[in-house]
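Architecture and fold: a report
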Amino acid sequence: MKARPTGVIPPMTTPFRKDGEIDCKLVAPQVDWMIGAGAHGVAAGGSTGEGHTLDHEEYRDLMAATVEAVNGRIPVIAGIIVDSTRDAIRRGKLVRDMNVAALQVTPVHYLFKPDDEAMVAHFRAMTDETGMPIIIYNVVPWSYLSPALLTRIMTEVPLVVGVKQSAGDLKLFADLMMMAPDKLIYSAVDALMYPSYTLGAHGSIAAILTAAPHASVALWDAVKAGDHPRALDLHRKLLTLWNAIIADNLPACTRYAQTLQGLPKTYPRAPMPEASPAQQAATRKALEALGALNGARVEAAE
């Protein structure tokens, strides 16, 4: 890898217009907002960005706009959510000539789960064909990879450099940290960022970071500084926000949180509904408690 991305890496929302088309001009304001909040990198085209809805041309254009807006200031990670090795390779090739640090790839997951040998072969083929570093996005419940299988893949396929570990089981996260200490292990356990960091996570890539980047960076900084009272306070407030936005329309609720903090209004892609009135009210209340509204910002730890 050109660099080992660590720290807080928000997965950006994709700026869809009301008609469902992407407005690439609105990528740059979100990138600048993330960088202004202190983000250490950004991801695009992932689940928070509704990447599963993007065709190849849209995917290429979104990644190009993201890389252009970042302009080398922080690492960019490209999400890939598809259900065949062929399609995953094609998308990887679309971005390999861009300034992208790594691909974030979900396991194949539609209706069935490939066995361990097929899963290893899938990621080996991707690295062989694209030549790019890969972070496994371990998120799909019916295609969830065990710490042992993840470690095997990273051992047998050296360009698989890390894992974005999702779901709420911190034991699986802790086991993975012990079994693959030299790899990049990111937390996507949105409700439990604080304990993930204390277990030694190399960073995080999760929707809660996108909804509240300033507070999320402040939490990371507090743990690194050993300020656990402050970290615990931020954890509780971020957990309240997570409880407000976690739902089947999580990307819509995340983009609503961004809009409250000054980003241009954008829309989820159909058939995902917008945040409901109840979700909007709970999100606003949680962001107010974080000091994220009315121009107030959570400051990073000294």
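Reference entry: report on the structure contained in this document. (Residues numbered from 1 in each chain as written. Predicted model: local features only at pLDDT ≥ 70, side-chain atom pairs only at ≥ 80, totals over all residues. Heavy atoms only, no water.)

All of the buried residues in helix α3 (residues 85-95) are Asp 87, Ala 88, Ile 89, Arg 91, Gly 92 and Val 95. Among the structural elements, α2 (56-70), β3 (76-80), β4 (102-105) and α4 (116-130) are those in contact with the buried residues of α3. (Buried < 20%, exposed > 50% of the residue type's maximum accessible area, 1.4 Å probe, protein only. Helix = DSSP H or I, 4+ residues; strand = E, 2+ residues; numbered from the N terminus. Contact = heavy atoms within 4.5 Å.)

This part takes up unusual backbone geometry. The amide bond that connects Ala 270 to the next residue, Pro 271, takes the cis arrangement and shows omega of 15°. Along the chain, Pro 271 falls in the loop between α11 (250-260) and α12 (277-289). Backbone geometry places Glu 50, a non-glycine residue, at a positive phi of 50°. Within the secondary structure layout, Glu 50 lies in the loop between β2 (42-44) and α2. Note on Glu 50: relative accessible area 1%, which makes it buried. Here Asn 71, not a glycine, exhibits a phi torsion of approximately 55°, which is positive. Topologically, Asn 71 is positioned in the loop between α2 and β3. Using a relative accessible area of 63% as the deciding quantity, one classes Asn 71 as exposed.

Turning our eyes to something else, we now look at the sheet that holds β2. Within a sheet, neighbouring strands are paired by backbone hydrogen bonds and run either parallel or antiparallel to one another. Strand order in the open sheet formed by eight strands is β1-β8-β7-β6-β5-β4-β3-β2, with parallel pairing between adjacent strands. The two strands at the open ends of the sheet, each matched to only one other strand, are β1 (7-8) and β2. Summarising the sheet, β2 and β3 pair through three bridges and their orientation is parallel. Of the residues in β3, the one forming a bridge with Ala 44 is Ala 78. Its contacts with the sheet put α2 on β2 and β3, and the angle it makes with β3 is roughly 165°. (Pairing = 2+ DSSP bridges. Axes fitted to C-alpha atoms, helices over the stretch in contact; angles between N-to-C directions.)

Among the six residues of strand β6 (residues 160-165), six are classified as buried, and the element is accordingly described as predominantly covered. Here strand β5 (residues 134-138) runs beside β6; their pairing, made up of five bridges, is parallel. In the sheet register, Ile 135 faces β6, and the bridge partner there is Gly 162. Considered for its hand, the β-α-β crossover made up of β5, helix α5 (residues 147-156) and β6 is right-handed. Bridge count between β6 and strand β7 (residues 184-187): four bridges; the pairing is parallel. Paired with Gln 165 across the two strands is Ser 187, which belongs to β7. (Right-handed = clockwise from strand over helix to strand, strands pointing away.)

The next thing to look at is the side chain of Ser 187. Mapped onto the fold, Ser 187 is located in strand β7. The buried category is assigned to Ser 187, whose relative accessible area is 0%.

So, on to the packing of aromatic side chains. One pass over the structure, following the stated rule, counts one aromatic pair. Ring geometry for Tyr 197 and Trp 220: centres 4.9 Å apart, planes at 90°, overall edge-to-face. Of this pair, Tyr 197 sits in helix α7 (residues 193-198) while Trp 220 sits in helix α9 (residues 213-225), and the two are 23 residues apart along the sequence. The residues Tyr 197 and Trp 220 share a single accessibility class, namely buried. Positioned above the aromatic ring of Tyr 59 is the side chain of Arg 91, whose terminal nitrogen or guanidinium carbon lies 5.4 Å from the ring centre. One cation-aromatic arrangement involves Lys 164 over Tyr 137; the distance from NZ or CZ to the ring centre is 3.8 Å. (Phe/Tyr/Trp six-rings, centres within 6.5 Å; stacked < 30°, edge-to-face > 60°. Lys NZ or Arg CZ within 6 Å of the ring centre and 35° of its normal.)

Examined against the element boundaries, Ile 246 turns out to sit in the loop between α10 (228-245) and α11. The partly exposed category is assigned to Ile 246, whose relative accessible area is 42%. For the pair Ile 246 and Phe 112, spaced 134 residues apart in the sequence, the C-alpha separation amounts to 25 Å.

Looking now at the pairing of β5. Taken across its five residues, β5 has five buried, putting it largely inside the fold. Burial along β5 is two-sided: Ile 134, Ile 136 and Asn 138 and Ile 135 and Tyr 137, pointing in opposite directions, are all buried. As defined by bridge partners, β4 adjoins β5 across three bridges and the pair is classed as parallel. Considered in β5, the bridge of Leu 103 is made with Ile 134. One crossover worth recording links β4 to the parallel β5 by way of α4, and it is right-handed.

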